[in-house]
Each structure stands twice: as structure tokens, then as C-alpha cells.
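The residues making up each chain are set out below.
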Amino acid sequence: MLATILLSLFWGIVAIIAVVSVLPFSKIPHGAIRGMAFPREQLFLLTALLAVVALFWLAPEPRNYALATLAIIGAIHTGYIVKFTPLWPRQSVDATPEQAADARNRVTILASNVKQSNRQYHRLVDLIHKEDPDIATALEVDPDWVDALYDGLHDRYPHWIKVAKDNSYGVVLMSKMALSETQVRDLLVDDVPSIRTKVAMPSGRIWRLYIVHPEPPVPNHDTKGRDGEIALVGIEASKDDVPAIVTGDLNDVAWSTTTRRFQRLSGLLDPRVGRGFYNTFHAGIPVMRWPLDHLFHDAEFRLIRMSRLPNIGSDHFPILFSLALTDNAEANSIPEKSDAEERAEVREMADEEREKDREAIGTDWEK
């Protein structure tokens, strides 16, 4: 009797994993589906564990069926996550020692989602003092967070963009480098702001910075607001007349349909490819971690350093990127290019989302 129950449980788990693994292929823009693409690392490990169980526990005939099924499931997840391991060629080019040493054309960016209800302001302030980035960004900042950051860092950063909100979508940008042509915009959903600005290097060279924090996927809502905002920023970045960097908590994993479409639309490079996952969420639950905080950059930038930083009391780890701006566009590999049909689909989705009259997802989660 117990053996029958355990066997049923085994096949039930295999069936659930198979469904969760395959459903994201549908590309249905709904949180219940899109969220299934997040735990591909965890599902791969669980699949491997089930294969070991099948190998040593099942009888020969069902063992063969189980191993074949699990091999297919494992291959699905491997196809997505292997690109973010050292087994895959790197997409972003490493900076040479000379480029890394050129302080006039180098920028270090520290990106963090502070979690609005987190009140350990000093941990981020101390971390910024320690790392001394040229640019620091903080998401989910309310007025108290902005005041605490300004009190602790105003003498270090002369240029500030403050968008304090109590709905978990506040954003602040602190910069040692001069900013110009700054725009704070709700691209698709009211009270979900993003920042677009030009940044001047000490050398005088100009590049564009986008800071985004679209809505998270939730099981009871579609993801058109998130997907549309990410895609629109990608289209804008592709048209920029200066090199671009896009950074922020995209509420999306690096291997998802939405993020891969963003790369096709923008042409920007992901420094994670070929280097590692650099999982930033969830800081407090090790078995539920995936890469949600990102930086994508133009091929004129070379990567000097990328590092996940210590916990600041948030559910996200901060992440740091150091890049050198060069005179030539170069990449070890480039994203596929989008076509006119894909861009038309994005604009249609964005137009549909703009017509909706609704509150942003999760505005009361941190209250």
C-alpha cells in the first residue's frame, strides 16, 4: 500500500514538473504562466533528483519511461539556463587592463531594490560608501528612504533624481556624473515611473541610462504592463544616438520570453551570459533565488566587474557593474534581431495597456 502511494506521488510530481516546464512555451502573457519560467534552476535540480530516485527505486520498465521523461524535462531547462554558466561563450566583452584603468571612460553602477518596508537605511548607505560607485540607484523608495539616502550621501553625489512614492514604485538616482535631458515617465501604467537620462563621462563622452521597475507577475493578472514596458524601453534603446545602458528590477528572469524579446528589440548585451546567474532575489530564501535585477549595455561598453553584493535587509541583493566605454562596438555574440511583426505586436500590446484604467499591481503590498 505504501509503495503504491509513493509511486503515485512520484508520477504526480513528474507530471506537475512536466506541465510547469512546458506551459511557458505558450507565451501567454499571464502571471500564472510567465511565473512558471522563473524557477528553471530549481526545476532542473529537482528533475535530476527524481532521475536518481527512478534509477535506484523503480522497476526496469517504468524506470525507462521515467528516465526518458525526466531527460526531456531536464533538457528543456538546460537549454535555458546553460547560457548563464561558464559553459557558454560570454556575450559581453571583457575590458582590457588599459580600458579598466581609464577612469575618464569608466562607470561603476550599484543597483538595488531596497524593499519599501525595510527600514535598515544605514546598510545601503554604508554599502555605497564602501563600494563608492559613480552611480547608485534604489527602487521601492518612499519619502523616508529618499531622505535617509540624501542625508547619508548628498556630499558624495551632486546629481540626484528623486521620485519618492509610497506604492513600492519609488526610484532614486544618485550620480557623480552630470545628468541631462532627464525624463521621469509612467510609460504604460500610472504611478509606475521609470527614468531616462543622459550621463556625461569625465572624458566628455555621453551615454543614455534607463532605470526601470515594471510590475511583477502575479497569478491573477496578465503581464502586459510589465512585458510592454520592458519591450518599449528596448525599442527606445535601439534608436538612441548614444550608447545605452538599461538597468533595474525587471521582475523577470534573464532567460524568459520577455527578456529575450527585450534583447532582440534593443540589441543590448547581457553580461550574465557565459558568466553566471548572479541571483538577486529572494535574499532571504536561498532555495527560491533567480536573477531579477539586471543591467544590459550597448556593445561599446566592456565589462570590468560584476558582483552581487551583501544583503541590505531587503528581499533583493544589490548588484554592482563596472563598465568601460570604448570607441568600437564589439560583442562575443549578439542577440537575434527583432522583425517588424514583433515590433508591431509590442506597440499593439502597449496601446491596449494604456487604455486600461487600473491601479498598478502590488501598490499595497508594503503597507
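Residues numbered from 1 in each chain as written. Predicted model: local features only at pLDDT ≥ 70, side-chain atom pairs only at ≥ 80, totals over all residues. Heavy atoms only, no water.

### Looking at the side chain of Ser-112
By the secondary structure assignment, Ser-112 is in strand β1 (residues 106–113). The class of Ser-112 is buried, set by a relative accessible area of 2%. Of the polar contacts made by the side chain of Ser-112, one reaches the backbone oxygen of Thr-137; its length is 3.0 Å. Residue contacts for Ser-112: discarding those within four places in its chain leaves Leu-124, Thr-137, Ala-138, Leu-139, Ile-312 and Pro-318. (Helix = DSSP H or I, 4+ residues; strand = E, 2+ residues; numbered from the N terminus. Buried < 20%, exposed > 50% of the residue type's maximum accessible area, 1.4 Å probe, protein only. Polar contact = N/O pair within 3.5 Å; in protein donor to acceptor, adjacent residues only side chain to side chain. Contact = heavy atoms within 4.5 Å.)

### Some details on the pattern of salt bridges
Applying the stated rule across the entire model yields 26 salt bridges. Put simply, Glu-366 and Lys-115 hold a salt bridge, and the shortest N to O gap is 2.8 Å. With a gap of 251 residues between them, Glu-366 in the segment after α10 (340–354) and Lys-115 in the loop between β1 and α6 (121–131) connect regions that are remote in the sequence. Across the salt bridge formed by Glu-215 and Arg-358, the nearest N and O atoms sit 2.8 Å from each other. Highlighted residues: Glu-215 in the loop between β7 (206–212) and α8 (224–239) and Arg-358 in the segment after α10, separated in sequence by 143 residues. For Glu-215, a relative accessible area of 2% puts it in the buried group. One network of salt bridges, in which partners are shared, links Glu-181, Arg-185, Arg-196, Lys-198, Arg-208, Glu-236 and Asp-240. (Salt bridge = Lys/Arg side-chain N within 4 Å of Asp/Glu carboxyl O.)

### A short note on helix α3 (residues 40–57)
Relative to the 26 Å expected for 18 residues at 1.5 Å per residue, α3 spans 25 Å between its end C-alpha atoms, a close match to the ideal helical length. For α3, the complete set of buried residues consists of Arg-40, Glu-41, Leu-43, Thr-47, Leu-50 and Ala-54. Buried residues along α3 sit against α1 (2–22) and α4 (60–81). (Expected span 1.5 Å × (residues − 1).)

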